[in-house]
Amino acid sequence: MSGGRAKLASVGVAVALLVSLLSVTAAAAATTQDPDVADIPIGKRGGTLRYSSFGSGPKTFNYYLAKETSSTDVLGRVFEGLVTADGRTTEIIPALAKKWEYSEDGLVWTFYLRRGVQWHDGQELTADDVIFSYDLVYDQNIPNNFRFGLTIDGKPLKYEKVDQYTVRFTLPRIYAPLLRSIGVPIMPRHLLYDAWKAGKFNEMWGIDTDPKKIVGTGPFRIVEYVPAQRIVYERNPNYWRLDKAGTQLPYLDRLEETIVESQDVELLKFRAGEIDYLAPDRRYVADLQMEAASKGFRLINGGPTFGSEFIVFNQNPNTIKQPKLSWFTNKLFRQAVAYAVDKESIIDLAFAGLAQPQWSPIGPAAKVFHKPDVKQYPYDLKKAQELLAEAGFRRGADGRLRDADGNLVEFDLLTNAGNRARETIGSLLKEDLTRLGIKVNFQPIDFNVLVRKLTETYDWDAIIIGLTGGPEPATGRNVWMSNGGLHMWYPGQKQPATAWEARIDFLFEEATKYLDNDVRRKYYNEFQDLVADQLPLIYTVNPEAWYAVYNYVKNAQPTAFARGLLYQVDELWIDRR
């Protein structure tokens, strides 16, 4: 994701004129024949941006196997797609493709690559790399998240090389979210093709790989990785973007990402001036606002996040045993738990008032499709007790809740350690469920271990976690379609397990057939009502996105959509005086 670039093909003509004027000054620095000119204030070259992440670091360097932000956030600085989303406007803008066009019936899309874009090892990116990347997308042996967004009515896109710098896609029908889906990371064919043909692609580029061998086209490349400690990136000297003065981006020479165990440690490092940028725990926003002027940084409210925080119960009959399976698949049980989620206390204690209750799978930041009047579950333990009784649960003389067969109701609840908000949500929920007679074994664990349980081993009862989001609901197809890999309560179903999941499958397919958002909205409205009733995910709250940035970091415009400012990492510069 990158911001400030040309806005879609219709603006490309004007930009091309500007590029021609700059070509003389830029020629010495850029090998790219079709550079993008960033409409940003002119900066200065040099310097290092220091920031942090909490957890244990990336789980993989193989982008096609990554399903978690701890990996994709790192790889997002290294790899790029044909298009990207502007971090400020959310619009789709050119990236490795300088422009595109489509046929009158909307079924044939042609993308034109920038000429002269170099991989980090100096090889030129061509249409062969694009074709190879889509071969990876549709390889059933590669469990990637991209295939879902690029499969229409069960069919893959047809893709072909037109010439060295042109690729063409043919769709089986109109597909409204195509541009939101087609920006998959393009991978270097010259480095990975042989491994793929040998059936070893999934073994490539694990975190034990020398990071210097991870080759992309992005503005930075990884030069050092010390597990659970730090990641160091160096500037790509052949990047394809320029500023208006003809200076080749990125401005920064290096990025230093420190991996820490908690948000509290991140805060200490920011206050000590050891990192330049922070997405603070909302509990500390008020204190930081009071310190900002004297310490030379500023606080920025990015607005409501596009992501979500929720509780999910495991409904997978292949991995969860009775009697838990009968509890977790019971809608009344899930609705009772929803009534036990004290959103107001979560907002006060976990987010210092900087959040709003969330009821729908499409949050208010996605204004076009958000439905505010879905079914709600305000905190009400009496109502929760009534629903549990209706479902056959009874409390014994010992105060413990039992199901209709006399089984004590007890389950494990996990979340990722170091995320204070989720830890607070877990503690509050455990306390309230205890009042209902339910024993909850709450345990924060390492994020990557949590993701592995959720996506690989499936050995869990209930989890508090979140998903990133965006303005287009269809980008969540791998979550909401019953055969999706992130359909986390029961992934990869051959047939929908329930009638409501079959209905969501239908709604998600239908909503992609029309370009008129008013038509699409009626499908997504029904989807939101279904989810609010069935509660496969029990939503908690939607927090505001806040960022703290030292004033010497220039051109910084962090946004909630981009989850911070690193979407524009090639535009940032350091002005230390």
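Please read all numbers here as calculations on a predicted model, not as lab measurements.

Chemist: Any chance you could explain the overall build of the chain here in plain terms?
Modeler: Along the chain, the regular secondary structure elements total 17 helices and 27 strands. Scaling as 2.2 N^0.38, a compact globule of 577 residues should have a C-alpha radius of gyration of about 25 Å, and the chain matches this with 24 Å. For the chain, the spread of C-alpha atoms along the three principal axes comes to 85 × 60 × 45 Å. Classification of the 577 residues of the chain by burial places 58% in the buried group. Approximately 22900 Å² of the chain is accessible, and the part contributed by carbon and sulfur atoms is 50%.

Chemist: Any chance you could explain the nonpolar core here in plain terms?
Modeler: Ranked by size, the top nonpolar core spans 94 residues in total, and within it L49, Y64, L82, F111, Y134, L150 and I182 carry the most contacts. When residues in this core are grouped by element, the largest group, seven residues, is from helix α3 (residues 127-137). Leaving out residues up to four positions away in the same chain, I182 has contacts with V83, F111, Y134, L150 and F169.

Chemist: What is the right way to read the environment of P143 from this model?
Modeler: Take P143: it is sitting in the loop between α3 and α4 (146-149). Classification of P143 as partly exposed rests on a relative accessible area of 42%. C-alpha of P143 to C-alpha of G476: the two residues are 333 residues apart in sequence and 16 Å apart in space. With residues up to four places along the chain from it excluded, the contact list for P143 reads Y64, L65, K67 and N202.

Chemist: In this structure, what is going on with the environment of L249? I would like to understand it.
Modeler: Here L249 lies in the loop between β13 (241-242) and β14 (254-260). Setting aside chain neighbours within four positions, we find L249 in contact with A38, I40, R235, N236, Y239, R241, L242, D243 and D570.

Chemist: Sorry if this is basic, but what is going on with the pattern of salt bridges here?
Modeler: Across all of its chains, the model carries 40 salt bridges by this definition. Across the pair R271 and E291 runs a salt bridge whose closest N-O atoms are separated by 2.7 Å. One end of the pair, R271, is in helix α7 (residues 263-271); the other, E291, is in helix α8 (residues 285-295), and 20 residues separate them in sequence. Between E410 and K439 there is a salt bridge whose closest N-O contact spans 3.9 Å. Taken together, the positions of E410 in strand β21 (residues 410-416) and K439 in strand β22 (residues 439-445) put the pair 29 residues apart, joining distant regions of the chain.

Chemist: Just to check I follow, could you spell out the sheet that holds β21 for this structure?
Modeler: Across a sheet, strands are paired by hydrogen bonds formed along the backbone, either parallel or antiparallel in direction. Across the sheet, five strands lie side by side as β22-β21-β23-β17-β24; this open sheet has mixed pairing. Every other strand in the sheet has two partners, leaving β22 and β24 (537-539) as the edge strands with one partner each. Mean inter-strand twist for the sheet, computed between neighbouring axes without regard to direction, equals 30°. Where strand β17 (residues 308-313) meets β24, three bridges bridge the pair, whose relative direction is antiparallel. Paired with I311 across the bridge in β24 is I538.

Chemist: Help me out: how do you make sense of the sheet that holds strand β2 (residues 48-54) in this one?
Modeler: The four strands lie next to each other as β2-β14-β12-β11, forming an open sheet whose pairing is mixed. Edge strands, defined here as strands with exactly one partner in the open sheet, are β2 and β11 (220-226). Within the sheet, the average angular offset between the axes of one strand and its neighbour, ignoring direction, is 20°. Bridge count for β11 against strand β12 (residues 230-235) is six bridges, and the pairing is antiparallel.

Chemist: Explain the side chain of T559 here, please?
Modeler: For T559, the position within the fold is in the loop between β26 (553-554) and β27 (573-574). From its side chain, T559 meets the backbone nitrogen of A562 in a polar contact 3.1 Å long. Setting aside residues up to four positions removed in sequence, T559 forms contacts with G87, R88, Y547, G564 and Y567.

Chemist: Before we go on, may I ask you to explain the packing of helix α11 (residues 343-351) against helix α13 (residues 420-435) in this structure?
Modeler: The relative placement of two packed helices is expressed as an angle between their axes plus a distance between the axes. Two elements in contact, α11 and α13, have axes whose closest approach is 9 Å; the angle formed by their N-to-C orientations is 140°. With respect to α13, the axis of α11 lies oblique. As α11 packs across α13, the resulting crossing turns out to be right-handed. The residues of α13 that touch α11, namely those facing S345, I346, L349, A350 and F351, are A421, T424, I425 and L428. Among the residues forming the contact of α11 with α13, the class breakdown is seven nonpolar, two polar and no charged.

Chemist: Could you clarify how one ought to interpret unusual backbone geometry in this entry?
Modeler: Glycine aside, negative phi is the norm for most residues, and most peptide bonds take the trans geometry. Cis geometry is adopted by the peptide bond preceding P250, which originates at L249 and carries an omega value of 0°. Position of P250 relative to the elements: it lies in the loop between β13 and β14. In the Ramachandran plot, D153 falls in the positive-phi region, its phi being about 55° despite a non-glycine side chain. Even without a glycine there, the phi angle at A352 is positive, about 50°. Structurally, A352 is set in the loop between α11 and β18 (355-357).

Chemist: Looking at this structure, how should I read empty space enclosed by the protein?
Modeler: Leftover empty space is mapped by rolling, across the atoms, a probe with the size of a water molecule. In this structure the tally under the stated criterion is two cavities of 30 Å³ or more. One number sums up the size of the second largest cavity: a volume of about 50 Å³. In terms of lining residues, the second largest cavity is bounded by A338, K343, Q358, W359, Y377, L535, I538 and Y539. The class makeup of the residues in the lining of the second largest cavity is six nonpolar, one polar and one charged.

Cut-offs and rules
- Residues numbered from 1 in each chain as written.
- Predicted model: local features only at pLDDT ≥ 70, side-chain atom pairs only at ≥ 80, totals over all residues.
- Heavy atoms only, no water.
- Helix = DSSP H or I, 4+ residues; strand = E, 2+ residues; numbered from the N terminus.
- Rg over C-alpha atoms; globule rule 2.2 N^0.38 Å.
- Buried < 20%, exposed > 50% of the residue type's maximum accessible area, 1.4 Å probe, protein only.
- Areas by Shrake-Rupley, 256 points an atom, 1.4 Å probe, with all protein chains shown as cover.
- Core = buried A, V, L, I, M, F, W, Y, C linked by side-chain atoms within 4.5 Å.
- Contact = heavy atoms within 4.5 Å.
- Salt bridge = Lys/Arg side-chain N within 4 Å of Asp/Glu carboxyl O.
- Pairing = 2+ DSSP bridges.
- Axes fitted to C-alpha atoms, helices over the stretch in contact; angles between N-to-C directions.
- Polar contact = N/O pair within 3.5 Å; in protein donor to acceptor, adjacent residues only side chain to side chain.
- Parallel < 35°, antiparallel > 145°, perpendicular 65-115°, else oblique.
- Left-handed = near helix turned anticlockwise from the far one by under 90°.
- Nonpolar A, V, L, I, M, F, W, Y, C, P; charged D, E, K, R; others polar.
- 1 Å grid on protein atoms, 1.4 Å probe; cavity = no way out; pocket = protein on both sides within 12 Å on 5 of 7 lines; lining within 4 Å.
- Points joined across faces, edges and corners; volume = space filled by probe spheres on them.

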